[in-house]
Amino acid sequence: MSDTKYRIKTACPQCGCSAAAVMTEEEIKKRYGDAPNIHMTCDACQAEYEANMAEACPEWDKACQMAKSNT
Ligand SMILES: [Zn+2]
């Protein structure tokens, strides 16, 4: 298991407040699995929204594609 850290960036569609999280591969898999969309709650206005993983974290998306093509 690699300890590469991925930076996930999202923006709330309601108030525009951006959120960022740094997670390891293990943490992302545990929390989001292989879902293409991630569920977020805005810290500022508490709105719940979905973000596209490919946009929120291109590095993670790239790593997933590589993992898929290897299997
Ligand atoms: Zn918000």
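Chemist: Outline the coordination of the zinc ion, supporting the account with residue identities and numerical values.
Modeler: For the zinc ion, every protein donor is listed as C12 (SG), C15 (SG), C42 (SG) and C45 (SG), and the spread of their distances is 2.3 to 2.4 Å. Because the angles between the four donor atoms bound to the zinc ion fall within 104 to 115°, the donor set is best described as tetrahedral. Taken in sequence order, the residues that donate to the zinc ion follow the motif C-x2-C-x26-C-x2-C. On the criterion of sequence distance, the pair formed by C12 in the loop between β1 (5-11) and β2 (18-24) and C42 in the loop between β3 (37-41) and β4 (48-52) is long-range, its members being 30 residues apart. In terms of burial, C12 and C42 fall into one category: buried.

Chemist: Before we move on, could you go through the confidence of the model for the protein and cite the residues and values that matter?
Modeler: Considering every residue of the protein, the mean pLDDT works out to 91; 96% of them sit at 70 or more. The least confident element of the protein is helix α3 (residues 58-70), whose mean pLDDT is 89; the most confident is β1, at 96.

The rules we used
Every residue gets a number counted from 1 within its own chain, in the order that chain's sequence is written. Owing to the predicted nature of the model, reporting of local features is limited to residues with pLDDT of at least 70; listing and counting of side-chain atom pairs is limited to 80 or more, with chain, interface and lining totals taken over all residues. With hydrogens and water stripped out, all remaining heavy atoms of the structure feed into the side-chain values. Excluding water, the donors of a metal are its N, O and S neighbours within 2.8 Å, or within 3.2 Å for Na, K and Ca, and that exclusion means sites may look incomplete. Key to geometry: four donors with every angle between 85 and 135 degrees are tetrahedral; four donors are square planar and six octahedral where opposite donors lie over 155 degrees apart and all remaining angles lie between 65 and 115; all other sites are irregular. Secondary structure elements follow DSSP: runs of H or I no shorter than four residues count as helices, runs of E no shorter than two count as strands, and numbering proceeds from the N terminus. The buried label goes to any residue with under 20% of its type's maximum accessible area, the exposed label to any with over 50%, and the partly exposed label to all in between, with areas taken from a 1.4 Å probe on protein chains only. Looking at any residue, its pLDDT shows the predictor's confidence there, from 0 to 100.

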